[in-house]
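These are the residues of each chain, in order.
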Amino acid sequence: MLKKLVAGNWKLNGSLAANEALLSALAAVPGVDVAVCVPFPYLAQVGEGLRGIELGAQNVSEYGAGAYTGEVSAAMLVEFACRYVIVGHSERRALFAENDAAIGRKAAAAIKAGLVPIVCVGETLAEREAGQAMEVVGRQLAAVLDVVGAAKMGQMVLAYEPVWAIGAGRSANAAQVGEVHSGIRAWLRAQGVAADDVRILYGGSVKPDNAVELFAVADVDGGLIGGASLVADDFMTICRAAVVK
Ligand code: PEP
């Protein structure tokens, strides 16, 4: 069984003062890899304040350098000691028109620079109701595989995040999560990827009261945590729920 990873996604939240307070209450949890993915301007502050927790960003440019105003390269994130970067979060897909191919190129850029991309995939409610959840996830994964190649898929983390569960206060249930996670593992294996080495996180309204159940589902190798990662006690409780017993 893979060691679990719990990654917090702070989204567009924080201030120097609020981050300071949150950081003082975060601590490493033995037996679990923990990371926080923070807004770019706070990378230096958070990087200095973390103890035994790794740093991540929430987006990265597909480009390395040049006339791309507003972009942040993977090499810049490495300079700030980032280990992870979230790529293809559904909010970026829906609100910032990031498409499957661009997400593949971002994942490849991250890997090339030595970062671990946390590549998010997941269906909308309409797609789930149409019975297309795994088809959509497969299409999103195929676009990444096309750019990255099977040999390097093991250098990323995947996050299954059903769009309808993000920020909704209600997570997917254990059966729904298990079906897609085992489907992703089988899909990877069928493409010739060393699927057992790829961590597949679940994200979507993970809270202290459902984390134990969700993390016990087969093929769930941790979580990507949005809202609850801003509340230190909740985040720490979720991290402890990921300790493999
Ligand atoms: C997320 O933003 O990746 C997420 C899972 O959010 P939440 O935990 O708030 O649903």
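This text goes with the structure placed above it.
Read on for an overview of the structure. As the structure is a computational prediction, the values presented were derived from the model and not from experiment.

Quick notes on the rules
- Residues numbered from 1 in each chain as written.
- Predicted model: local features only at pLDDT ≥ 70, side-chain atom pairs only at ≥ 80, totals over all residues.
- Heavy atoms only, no water.
- Helix = DSSP H or I, 4+ residues; strand = E, 2+ residues; numbered from the N terminus.
- Rg over C-alpha atoms; globule rule 2.2 N^0.38 Å.
- Buried < 20%, exposed > 50% of the residue type's maximum accessible area, 1.4 Å probe, protein only.
- Areas by Shrake-Rupley, 256 points an atom, 1.4 Å probe, with all protein chains shown as cover.
- Lys, Arg positive; Asp, Glu negative; His and termini not counted.
- Charge placed at Lys NZ, Arg CZ, Asp CG, Glu CD.
- Near = heavy atom within 4 Å.
- Polar contact = N/O pair within 3.5 Å; in protein donor to acceptor, adjacent residues only side chain to side chain.

Moving on, we get to the overall build of the chain. Scanning the chain from terminus to terminus reveals 10 helices and eight strands. Compactness check: the chain gives a C-alpha radius of gyration of 17 Å against a globular reference of 18 Å for 245 residues, within 12% of the reference. Dimensions of the chain, computed from C-alpha atoms along their principal axes, come out at roughly 45 × 45 × 30 Å. With 245 residues in all, the chain has 53% of them scored as buried. With an accessible surface of roughly 10600 Å², the chain has 55% of that area assigned to carbon and sulfur atoms. Both charge centroids of the chain, one from 20 positive and one from 25 negative side chains, sit 3 Å from each other.

Taken together, 14 residues sit near the ligand, with Lys11, Glu161, Gly167, Ser205 and Gly227 positioned nearest. In this structure, an oxygen atom belonging to the ligand sits 2.7 Å away from a main-chain N or O atom of Gly167. Ser205 is positioned with one of its backbone polar atoms (N or O) 2.8 Å from an oxygen atom of the ligand. In the complex, the protein chains occlude 97% of the 290 Å² of accessible area that the ligand would expose alone.

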